[in-house]
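Now for the letters of each chain:
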Amino acid sequence: MEGAFILEKLILVVIVFTVSLVIAMYSTLAERKIAGFMQDRHGPHRAGPFGLLQPLCDGGKFFFKEEIIPAGAHKGLFILGPTLAIITACISSAVIPWGQTLEIAGREVSLQVADINVGILYIFGVVALGVYGIMLGGWASNNKFSLMGAIRAASQSISYEIAMGLSIIALLMVTGTLSMGEIVAQQSGFVNWNIWVQPIGFLVFITCAFAECNRVPFDLPECETELVGGYHTEYSSMKLGLYMFSEYINMFVSSALMAALYFGGYNFPFMYDLGLSQNWITIIGVLVFFFKIFGFIFFFMWIRWTLPRFRYDQLMNLGWKMLIPLAIANIVLTAVVTIIKDMYF
Amino acid sequence: MSVFYLVAFLAIFFALMTIFTKNPVHSVLYLVITFFTLTVHYILLNAQFLAVVNFIVYMGAIIVLFLFVMMLLNLNEEAEPVKSNLVKIMGAIAGMCLLATLLGAFRVIEPSNEMVAAHADIGLVENLGKVLFNEFLLPFEISSILLLAAMIGAVLLAKKDVKKA
């Protein structure tokens, strides 16, 4: 491998990493601002203009809080829990195509860290791994509320992963590839977006994304009316911060995933008709992609302050008895439509 | 090649740790690491699909279920049920039989086989799918029927308890 290639990937990794951390940081502020807006109050507005320095203050506070590891806790696993949560959250963005290629000094620079052959499956694997952080943390705390939260998280995540996988299978039947780069490249323009051919799949996918991110209305693992704080009851200081941070990064990554899989990623209407050079198309594409991502993040927050939390049996019923049959029906429907299209058109 | 030896060493090391650790939760976690090293092996063989499926199915689902049961039962060193000697001896014999079978199977494998050497990209999704659905369609379908039967069996077993209660 040549040096320039490694250097360009390294820079891209650092940028993606920084951007996801900054977005996660400011998501906390956005969440509170939106909550304030929906509940007709101001939200944080003391630190800096419009409260823009609030995330920095919160972060600083997390670092300076006393760190408590309970006497009965399993020390190694107690530390491993939040570590795993944040690592898995950060590595899942590696296969997302952020934009097309940029031409810098005669070199084509792709704005995707790794276009691997099995991109979507990689994301699934990492998401599946994410539940370990919660489970280990909850178990190692040696607290029954934490344990309950951890067990809820595990069963919820496994149940919704199935429906999520099935909704993706229907999408793959349309796209015919597992590589994220190709899936996004296929959706150029506006009419080719996968949302138009897979509306049911998208509905299942976004519901499952809410469940996988432990967001309201599916935030049963940290349901404070029943479980104090859920799996992170015993956590304090930056370890708690890492758990919360990983939740926001997951939200960012799943928003990016939805935008890339169903809403065309960096593609925007009339992208080739405006007579722009390749670099400009790429730059506008990246901005468009982030606009879509922010739209989804806003949607996540909007739902959080609109819907009440599900009961646990309702959650399981929804997952197993509604979403999975719906996703399977969607697969059959997609298959039938594909065959009819092949035969008659 | 040195990467292979490192990963192989780690795989065997963590497999042994899985067996020798007293704490069941630690044991499960070592098993996770063992599966991860196996995933790395698949990547070294350029079998991307198998690597990722191993990652999702074993590390992401099956071991999570193991961990789930461990945590629910809250097993620990003191509460660990001690098996009788008969079961231990039977386990040892069964394990040895498996080992003998595997050794016998590995003896006939030739790594320099033309079929293997000519298909270095066989592990990529596209090629694997074509091979599975053309050359090995019948075994593939039969194994999926086996899985379906197992699934129905599991549902039946789970249902029995509801009727009793």
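Because the structure is a prediction, the values reported are computed rather than measured.

J.: Break down the overall build of chain A for me, citing the residues and quoting the values.
T.: Assigned secondary structure in chain A consists of eleven helices and two strands. Counting helices and strands in the order they occur from the N terminus, chain A gives α-α-α-β-β-α-α-α-α-α-α-α-α. Compactness check: chain A gives a C-alpha radius of gyration of 21 Å against a globular reference of 20 Å for 345 residues, within 12% of the reference. Each of the three principal axes of chain A carries a C-alpha extent, and together these read 65 × 50 × 50 Å. A total of 345 residues make up chain A; the buried ones form 45% of that total.

J.: Lay out the overall build of chain B with the relevant residues and their values.
T.: Per the secondary structure count, chain B includes seven helices and zero strands. Put simply, chain B runs from its N terminus to its C terminus through helices and strands in the order α-α-α-α-α-α-α. A buried classification covers 13% of the 165 residues belonging to chain B.

J.: Talk me through the interface of chain B and chain A; I want residue IDs and the actual numbers.
T.: Each partner contributes residues to the interface: chain B has 16 residues there, and chain A has 19 residues. Along the lines of polarity and charge, the residues of the side of chain B that touches chain A split into 14 nonpolar, two polar and no charged.

J.: Tell me about the UniProt feature "transmembrane region" (unreviewed entry) in chain A, and name the residues and values.
T.: Residue and element names in this part refer to chain A. UniProt's feature table lists "transmembrane region" (unreviewed entry) at residues 6-29, 77-99, 119-141, 162-181, 193-211, 248-268, 280-303 and 323-340, given in the numbering used throughout. Taken end to end, residues 77-99 has its terminal C-alpha atoms 38 Å apart, with 65% of it in helix and 0% in strand. Secondary structure over residues 323-340 splits into 100% helix and 0% strand, and the C-alpha atoms at its two ends are 26 Å apart.

J.: Any details on the UniProt feature "transmembrane region" (unreviewed entry) in chain B? Residues and values, ideally.
T.: Residues and elements named next belong to chain B. When the UniProt feature table is mapped onto this chain numbering, "transmembrane region" (unreviewed entry) sits at residues 6-21, 28-45, 51-73, 85-106 and 136-158. In this annotation, residues 28-45 is assigned 94% helix and 0% strand; the end-to-end C-alpha distance for the span is 26 Å. In residues 136-158, helix accounts for 96% and strand for 0%; the two terminal C-alpha atoms are 33 Å from one another.

J.: Provide a residue-level description of the nonpolar core, including the pertinent values.
T.: All names here are of chain A. The biggest cluster of nonpolar side chains holds 103 residues, and the ones touching the most others in it are Met135, Ala150, Cys208, Phe252 and Met258. When residues in this core are grouped by element, the largest group, 16 residues, is from helix α4 (residues 119-140). In contact with Phe252, not counting residues within four places along its chain, are Ser20, Ile23, Ala24, Ser27, Ile293 and Ile297.

J.: Residues and numbers for the packing of helix α9 (residues 237-262) of chain A against helix α10 (residues 278-304) of chain A, please.
T.: Residues and elements named next belong to chain A. The interhelical angle for the contact between α9 and α10, taken along N-to-C directions, is 120°, at an axis separation of 8 Å. Judged on the interaxial angle alone, α10 and α9 are oblique. Remark: the crossing between α9 and α10 carries right-handed chirality. For the pair α9 and α10, the contacting residues are Met251, Phe252, Ser255, Ala256, Met258 and Ala259 in the first and Phe289, Lys292, Ile293, Phe296, Ile297 and Phe300 in the second. Residue classes in the contact of α9 with α10 are distributed as ten nonpolar, one polar and one charged.

J.: Run through helix α11 (residues 312-344) of chain A, naming residues and quoting values.
T.: Residues and elements named next belong to chain A. Look at α11: 47 Å from first C-alpha to last across 33 residues, which is about the 48 Å you get at 1.5 Å a residue. Largest kink in α11: about 30°, centred on Leu318. Check the buried side of α11 and you find it contacts α5 (144-175) and α7 (199-212).

J.: Summarise the packing of α5(A) against helix α3 (residues 48-73) of chain B; cite the residues concerned and give the values.
T.: Interhelical geometry of α5(A) versus α3(B) gives an angle of 150° and a closest axis separation of 10 Å. By the angle class used here, α5(A) and α3(B) are roughly antiparallel. The handedness of the crossing between α5(A) and α3(B) comes out as left-handed. Across the interface between the two elements, A:Leu147, A:Ala150, A:Ile151, A:Ala154, A:Ser155 and A:Ile158 from α5(A) touch B:Ala61, B:Val64, B:Phe68, B:Met71 and B:Leu72 from α3(B).

Criteria and thresholds
- In this numbering scheme, every chain counts its residues from 1 along its sequence in written order.
- Each chain gets a letter, beginning with A, and each ligand a number, beginning with 1, in the order they are written.
- Only residues with pLDDT of 70 or above have their local features reported here, since the model is predicted, and side-chain atom pairs are shown and tallied only from 80 upward, although totals for entire chains, interfaces and linings are computed over all residues.
- What counts as a helix is a DSSP run of H or I of at least four residues, what counts as a strand is a run of E of at least two, and both are numbered from the N terminus.
- Here the globule rule is a power law, 2.2 Å times the number of residues to the power 0.38, and the radius of gyration is based on C-alpha atoms.
- Residues are called buried when their C-beta atom has 20 or more other C-beta atoms within 10 Å, exposed when it has 12 or fewer, and partly exposed otherwise; all C-beta atoms are positioned from the backbone.
- Once C-beta atoms have been placed from the backbone, residue pairs whose C-beta atoms lie within 7 Å are recorded as contacts.
- Asp, Glu, Lys and Arg are counted as charged, while Ala, Val, Leu, Ile, Met, Phe, Trp, Tyr, Cys and Pro are counted as nonpolar; the rest, among them Gly, fall into the polar class.
- UniProt positions are given in the numbering used here, feature names are shortened, and annotations may be inferred rather than shown by experiment.
- Any set of buried Ala, Val, Leu, Ile, Met, Phe, Trp, Tyr and Cys residues joined through C-beta atoms within 7 Å is what this text calls a nonpolar core.
- Every axis in this analysis is a line fitted to C-alpha atoms, fitted for helices over the stretch in contact. Angles between the N-to-C directions lie between 0 and 180 degrees.
- Note on terminology: angles under 35 degrees are roughly parallel, angles over 145 are roughly antiparallel, angles of 65 to 115 are roughly perpendicular, and the others are oblique.
- If you view the pair so one helix is near and one far, a crossing is left-handed when the near helix is turned anticlockwise from the far one by less than a right angle, and right-handed when it is turned clockwise.
- Multiplying 1.5 Å by the residue count of a helix minus one yields the expected span of that helix.
- Note that bend, as reported per residue, equals the angle between axes fitted to the 7 residues terminating at that residue and the 7 residues originating from it.

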